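Structural overview
What follows is each chain in one-letter form.
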Amino acid sequence: MVQLLKDNSLVASWQNFFEENYKSEIETVALEYPEKRSLIVDYWDIDRIDPKLAEELINQPYKTIFNAEEALKNIDVAVENKIILHFRVTNLPDLHKIIIRKIRANHLGKLKAIEGLVKKRTEVRPKLQVAAFLCQKCGAVVKVEQDEDILKEPNECFEDQGGCGRVSSLKLLTNLSTFIDSQKIEIQENPEGLRGGAQPEKISVYLEDDLVGEIAPGDRVVVNGILHSKQRRRGTFRLTSFDKTMEAVSIENQQLAFEEVDVTEEDEKEIIKISKDPEIYNNMRKSMAPTIYGMDVEKDALVLQLFGGLSKKMPDGTYIRGDIHTLFVGDPGTAKSQMLNYLAKLAPRSIYASGKASSAAGLTAAAVRDEFGEGQWTLEAGALVLADMGIACIDEIDKMNDQDRSSLHQAMEQQEISVAKAGINATLKSRCAILAAANPKLGRFDEFMPIHEQINMPPALLSRFDLIFSIIDKPSMEKDKELATHILHTHKAGEVFENITKSKKSKYNKKEKDFLMENVMPIFDPEFLRKYVAYAKRNIFPVMSDDALEILKNYYVNFRNSSVDSIPFTPRQLEAFVRLAEASARIRLSEEVTIDDAKRAISTIDQYLRRVGMDRETGKIDIDIIATGISHSQHDRMRTIMDIIQRLCDESKDGDAARNEIIIEAETSGFAADKVKEALDRLKRNGQIYEPVHNRYKITEY
Ligand code: ADP
Ligand code: MG
């Protein structure tokens, strides 16, 4: 096999190429050998100097790479130091880049580049490279090179290796065999290349030796490698259909998000001009899902989320996220899913996923043992990891599984996800903003019930969202009329458009269509908006002015101290203000966070707190409602009622308290009867009291 591949003239061409162009690179690698074992060669260097060689590399990669590696053995430094290097070519031309779903039979055996996201990765495992076998008849050790998945076992002892040449049973000797590290990864198409709701296609890629261990799920990579087919098996039967796989030659990491968006000099001029328009904030809002009527506050929030605040790395190693997390909770049919969808299409690197996970990795990540790992454990990335450096749009987040629920805290705050299970010990990055939607358990949103009871998410998790909007669908003559008009006009505009483009004898003209479309046209088209956001995120890093800082500080301090018995804010909210203010400055491409930005942040948060954080009894905003589910005034009431129950229990001979007596006692302390009943129900639900006899309560002893 090896002898068949070897081609002396090819070796000579490569040797010539290396000596003339890569001598110093080879010497550098030699200095760090064996830590470094690969010579990285730019495809264009080969193409420039010897186009025929480059072509052969693409069309006959096995043979060409084999001979290039043979040539590398002949270079002086390699001979002197007994160095064996891998030949790894990078930077293939676009012509040879291929989309995973477009791989066809005629690409097999060719060198191609594929682009995508790393979805899964197995453990690194040793693989036999050269197997040593002991002949049971003569005791000779013979070696067999292994270049396939299935172990190649000789059934005779080889004479040319000094053996007896007889048919014999041979025993594998692992300690005389040589092994190579190997790893299997799964690459999935980039989400932005997908049309509509298409499922991303995947391909398995095999990595060997120094390529292993470098890649983590969630990474965006370009893999240059040789496309292969791998025979499918059903039990011991071999099928005629094959799976596509790739053997990696080199891997290029694509680190930077928003770099994919090209911003030309012309675009830049336009962006700067537009940023100076005093209407910029309104125009941005009007560019968010224009077919959706109203929801101005939500749309403003989405704009801020799109731009995001600054993530900061402190000298002590702490990391402060800049991404803004938003949650929509509300009635069904209020365009929540629609909004998420729109943003997922708009923002680069975004992922749209449902909390009801379809894969084992769910929203975060998991160690799984499946077919892919061929018996080994595999680390698989979920939506938040795949959306690294983008926006994760998660619909029906309330339906997520328990494992996600527990790792989401870390994912949202530290923007990392740790997996420690079965020898897999990894930390994956999830530096994404989360836009989530949740439907209330009882079908409709109840303004008077704490959010966490309605959507099956713990308060601690809820408090990690910078913004939570409740969307309530209440009938109102005025609003319904406008909404209906908007939706019907949207449909009519769509109808006229279809009619003009598809009907043979249309009685409509372009002017009528344009008039109808006007309402649903975004001010900035999505492509331009993407450029704008990319430009701002790449270039603008605003700093808080002293005035802005003062305003945020005063607002925070005043709010926290505006009443004695209520703690309206936690420091977490203060950080949310900062992020929103930074985002607001970025929208104007301003290097400074001004008073106006601080005010915009305050008003955005104020809107949300008024809707979901308001204590209905006192009219005060109380973050405790979000954080613990009950307000301060409720908490105090429950304490007093517990005291009353305790006293009545102590006084009664059965050690219990009658419901009507509790209510009478509490009323004399100034509580309304219905509030007391509500509190009793809650105490019972919480397990603080129980009801051994109907309408008589006892206190639970812990
Ligand atoms: P949800 O996810 O909140 O249950 P959907 O996003 O599925 O709701 O919306 C249901 C339908 O109602 C969608 O077709 C959407 O376009 C329409 N709809 C709801 N509210 C609005 C609105 N404010 N403006 C325009 N269309 C709306
Ligand atoms: Mg929905």
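Going by the structure above, here's the rest.
Anyway, here's the lowdown on the structure attached to this text. (Residues numbered from 1 in each chain as written. Chains lettered and ligands numbered in written order. Predicted model: local features only at pLDDT ≥ 70, side-chain atom pairs only at ≥ 80, totals over all residues. Heavy atoms only, no water.)

Focus: the overall build of the chain
Each helix and strand counted, the chain has 25 helices and 26 strands in total. Judged by the C-alpha coordinates and their principal axes, the chain covers about 105 × 80 × 60 Å. Expressed as a percentage of its 702 residues, the buried residues of the chain come to 47%. Pairs at least 24 residues apart make up 68% of the contacts formed inside the chain by residues separated by at least 6 positions. Only carbon and sulfur atoms are counted for the fraction: they give 50% of the accessible area of the chain, which is about 35600 Å². Positive and negative side-chain charges in the chain, numbering 97 and 113 respectively, have mean positions lying 5 Å apart. (Helix = DSSP H or I, 4+ residues; strand = E, 2+ residues; numbered from the N terminus. Buried < 20%, exposed > 50% of the residue type's maximum accessible area, 1.4 Å probe, protein only. Contact = heavy atoms within 4.5 Å. Areas by Shrake-Rupley, 256 points an atom, 1.4 Å probe, with all protein chains shown as cover. Lys, Arg positive; Asp, Glu negative; His and termini not counted. Charge placed at Lys NZ, Arg CZ, Asp CG, Glu CD.)

Brief notes about unusual backbone geometry
Following Y33, the chain continues to P34 via a peptide bond in cis, the omega torsion being 5 degrees. Here the phi dihedral of A289 falls at roughly 35 degrees; this positive angle occurs in a residue that is not glycine. Within the element layout of this structure, A289 appears in the loop between α9 (280-286) and α10 (296-307). For A289, a relative accessible area of 3% corresponds to the buried category. For L589, which is not a glycine, the phi torsion comes out positive at approximately 60 degrees. Tracing the sequence through the fold places L589 in the loop between α20 (571-587) and β23 (592-593). Since its relative accessible area comes to 14%, L589 is described here as buried.

Quick notes on the site of ligand 1
What surrounds ligand 1 is a group of 13 residues, the closest being Y293, G333, K336, S337 and Q338. Between ligand 1 and K336 there is a distance of 2.7 Å, counted from an oxygen atom to a side-chain nitrogen or oxygen. In the model, an oxygen atom of ligand 1 is placed 2.6 Å from a nitrogen or oxygen of the S337 side chain. Summarising the interface, the protein chains cover 70% of the accessible area of ligand 1, which totals 570 Å² for the free molecule. Of the residues forming the shell around ligand 1, the biggest block, three residues, is contributed by helix α11 (residues 336-346). Its residues placed into classes, the shell around ligand 1 shows six nonpolar, five polar and two charged. (Near = heavy atom within 4 Å. Polar contact = N/O pair within 3.5 Å; in protein donor to acceptor, adjacent residues only side chain to side chain. Nonpolar A, V, L, I, M, F, W, Y, C, P; charged D, E, K, R; others polar.)

Digging into the packing of α10 against α11
Relative to each other, α10 and α11 sit at 25 degrees, their axes nearing to 12 Å. As judged from the angle between their axes, α10 and α11 are roughly parallel. Both α10 and α11 take part in a crossing whose hand is right-handed. Seen from α10, the contacting residues are E298, K299, L302, Q305 and L306; seen from α11, they are M339, L343 and L346. Its residues assigned to classes, the contact of α10 with α11 comprises five nonpolar, one polar and two charged. (Axes fitted to C-alpha atoms, helices over the stretch in contact; angles between N-to-C directions. Parallel < 35°, antiparallel > 145°, perpendicular 65-115°, else oblique. Left-handed = near helix turned anticlockwise from the far one by under 90°.)

Comments concerning the sheet that holds strand β24 (residues 657-658)
Spatially, three strands are ordered β24-β26-β25 in an open sheet, and the strand pairing comes out antiparallel. The two strands at the open ends of the sheet, each matched to only one other strand, are β24 and β25 (689-693). (Pairing = 2+ DSSP bridges.)

A word on the packing of aromatic side chains
If you walk through the whole model with that rule in mind, you get twelve aromatic pairs. Judged by centre distance (5.7 Å) and plane angle (90 degrees), the ring pair of Y43 and W44 falls under edge-to-face. Residue Y43 is classed as buried on the basis of its relative accessible area of 5%. Residue W44 is classed as partly exposed on the basis of its relative accessible area of 41%. Taken together, a centroid distance of 6.3 Å and an interplanar angle of 80 degrees make the contact between F528 and Y532 edge-to-face. Remark: Y532 and F528 occur in helix α18 (residues 526-539); sequence separation between them is four residues, near one turn of the helix. Since its relative accessible area comes to 12%, F528 is described here as buried. Through pairs of rings, three or more aromatic residues link up here, namely W14, F17, F18, Y22 and F87. Taking NZ or CZ as reference, R600 lies 3.5 Å from the ring centre of Y281, over its face. (Phe/Tyr/Trp six-rings, centres within 6.5 Å; stacked < 30°, edge-to-face > 60°. Lys NZ or Arg CZ within 6 Å of the ring centre and 35° of its normal.)

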